Amino acid sequence: MASDIQKYGFKEGLPHEFELANLGELYANFFDDLIVPHRTDFYQIIWFKKGKPRHMVDFNPIEIQPNSILFVDKNSVQCFDENEPIDGEVLLFTDNFFCKTEDDTKFLRSSMLFNDLYSISTIEIKELRSIFDSFFKLMKIELENDLDNYQSDILRNQLKNLLLISERERQTQNSAIINKGPDLDCVIKFRDLLDKQFQLQKSVAKYTEQLNVTQKRLNSATLKVMDITPKQMIDARVILEAKRLLVHTLDSVKEIGYTLGFEEPTNFVKYFKKHQTVTPIEFRNKFGN
């Protein structure tokens, strides 16, 4: 059985909560930490230039192709392949760095690169290699300059452009276009609230009260944007956390049930089996190490 999931904060002592690193060096230097399940409180843009690793993010195995970029949301549980050497670049940043204005926050939260409930976002670089090379090179050059009042804004603008080009390419490759507008705004607010309260709050009505919208309005928005109901979104978030805790901690099923807001362990077991067709213990035995 795995021990508790290790969580990493952003490296201290840097001028910004923004870092560019060589993926091969990072993999070599922190191999033992990266090949076990871990989570971070920052966003990651991982450019796999070489290698075909099997990367795990929240129980989703991702078969990486050379010259592809993976976008990992903060707090996702991920695990690198221990058998496949990799090389490339990795860009790390936090909400503190990117979200200087309300528009910045809205932009990041509405980007499907980090917020797609359907899948983990990856794009293949293809003919865009030179463009991504240029962005990474420009950011490296800026980081080598002396720190001044302009640096963080320049880096943020370069990062934003990189995200915009990535999102456009992702839509081209996946043909899934999410229309940005009032429905998406509503879903983003609901999802942010859900992330903070899902352990204690599982009633759609309680969320709509806080959002100051009707249940009909929220239902319409989530169906248009995510193709699932608010209740399904709540259940999906609870089940994801249950899976994380079952596989990556030593907590008992009873303790996990309490953590997730179930006063009676039997209620948690019934709830989990209803959504996964197996009991929590069966799931743990299947996926635990």
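Scroll up for the structure.
To keep things clear, this report deals only with the structure shown in the data block. Along every chain, residues carry numbers that run from 1 in the direction the sequence is written. For this predicted model, a pLDDT threshold of at least 70 governs which residues receive local features, and a threshold of 80 or more governs which side-chain atom pairs are given and counted, while totals over whole chains, interfaces and linings are taken from all residues. For side-chain calculations, the full set of non-hydrogen atoms in the structure is used, while hydrogens and water are omitted.

The next thing to look at is the packing of aromatic side chains. Centre distance within 6.5 Å is the pairing criterion for rings of Phe, Tyr and Trp, where only the six-membered ring of Trp is used; planes under 30 degrees apart are then read as stacked, over 60 as edge-to-face, and the remainder as tilted. For the coordinates displayed, the defined rule picks out 18 aromatic pairs. Taking 5.4 Å as the distance between ring centres and 85 degrees as the angle between the ring planes, the aromatic pair formed by F10 and F42 counts as edge-to-face. Of this pair, F10 sits in the loop between β1 (6-8) and β2 (18-22) while F42 sits in the loop between β3 (38-40) and β4 (43-50), and the two are 32 residues apart along the sequence. Note on accessibility: F10 and F42 belong to one class, buried. The ring of F262 carries the charged tip of K202 above its face, separated from the ring centre by 5.1 Å. Directly above the aromatic system of F198 lies the positively charged group of R237, at a separation of 4.2 Å from the ring centroid. Secondary structure elements are defined from DSSP: runs of H or I of at least 4 residues count as helices, runs of E of at least 2 residues count as strands, and each element is numbered from the N terminus. Any residue under 20% of the maximum accessible area for its type is buried, any over 50% is exposed, and the rest in between are partly exposed; the area is computed with a 1.4 Å probe on protein chains only. Geometrically, a lysine NZ or arginine CZ counts as sitting over a ring once it is within 6 Å of the ring centre and also within 35 degrees of the ring normal.

This part is about unusual backbone geometry. Even without a glycine there, the phi angle at N67 is positive, about 65 degrees. On the secondary structure map, N67 appears in the loop between β6 (60-63) and β7 (68-72). You will see that N212, though not glycine, has its phi angle at about 60 degrees, which is positive. For N212, the position within the fold is in the loop between α9 (204-211) and α10 (215-226). For N212, a relative accessible area of 71% gives the class exposed.

Glancing now at the nonpolar core. Joining through side-chain atoms within 4.5 Å is the link that ties buried Ala, Val, Leu, Ile, Met, Phe, Trp, Tyr and Cys residues into a set, and such a set is a nonpolar core. In this structure, F190, L260 and F268 are the most contacted members of the largest nonpolar core, which totals 33 residues. At the level of elements, α8 (182-197), α9, α10, α11 (230-248), α12 (253-259) and α13 (265-276) are the ones that each hand at least two residues to this core. The element that contributes the greatest number of residues to this core is α11, accounting for eight residues. Contacts are assigned to residue pairs that have any heavy atoms within 4.5 Å of one another. Contact partners of F190, with chain neighbours within four places excluded, come to Y207, L211, L218, T222, P230, M233 and I234. Counting 27 residues, the second-largest nonpolar core is a separate cluster that includes F97, F114, L155 and I165.

This part is about the pairing of strand β5 (residues 54-57). The alternating pattern of β5 places H55 and V57 on a buried face and R54 and M56 on a face that is not buried. Hairpin remark: β5 followed by β6, antiparallel, with two residues in the connecting loop; positive phi at D58, about 50 degrees. Should DSSP find at least two bridges between two strands, the strands are regarded as paired. Bridge count for β5 against strand β8 (residues 78-79) is two bridges, and the pairing is antiparallel. When the sheet's bridge partners are listed, M56 is paired in β8 with C79.

It is worth spelling out the sheet that holds β7 at this point. The strand order across the open sheet formed by five strands is β2-β9-β4-β7-β10, and the pairing between neighbours is antiparallel. Either end of the sheet is taken by a strand with one partner, and the two such strands are β2 and β10 (122-124). In this sheet, neighbouring strand axes are inclined to one another by 15 degrees on average, regardless of whether the strands run parallel or antiparallel. Sheet topology note: the β2/strand β9 (residues 87-93) ladder contains five bridges and is antiparallel. In the sheet register, A21 faces β9, and the bridge partner there is V90. A fitted line through C-alpha atoms represents every axis, and for helices the fit uses only the stretch in contact; the resulting angles, taken between N-to-C directions, go from 0 to 180 degrees.

All right, on to the packing of α11 against α13 then. Their axes nearest at 11 Å, the elements α11 and α13 cross at an angle of 105 degrees. In terms of orientation, α11 lies roughly perpendicular with respect to α13. Within the contact between the two elements, α11 uses I234, D235, V238, I239, A242, K243 and L246 and α13 uses F268, Y271, F272, H275 and Q276. Under the scheme applied, nonpolar residues are Ala, Val, Leu, Ile, Met, Phe, Trp, Tyr, Cys and Pro; charged residues are Asp, Glu, Lys and Arg; polar residues are all the others, including Gly. Grouping the constituent residues of the contact of α11 with α13 by class yields eight nonpolar, two polar and two charged. Small angles under 35 degrees read as roughly parallel and large ones over 145 as roughly antiparallel, with 65 to 115 read as roughly perpendicular and the rest as oblique.

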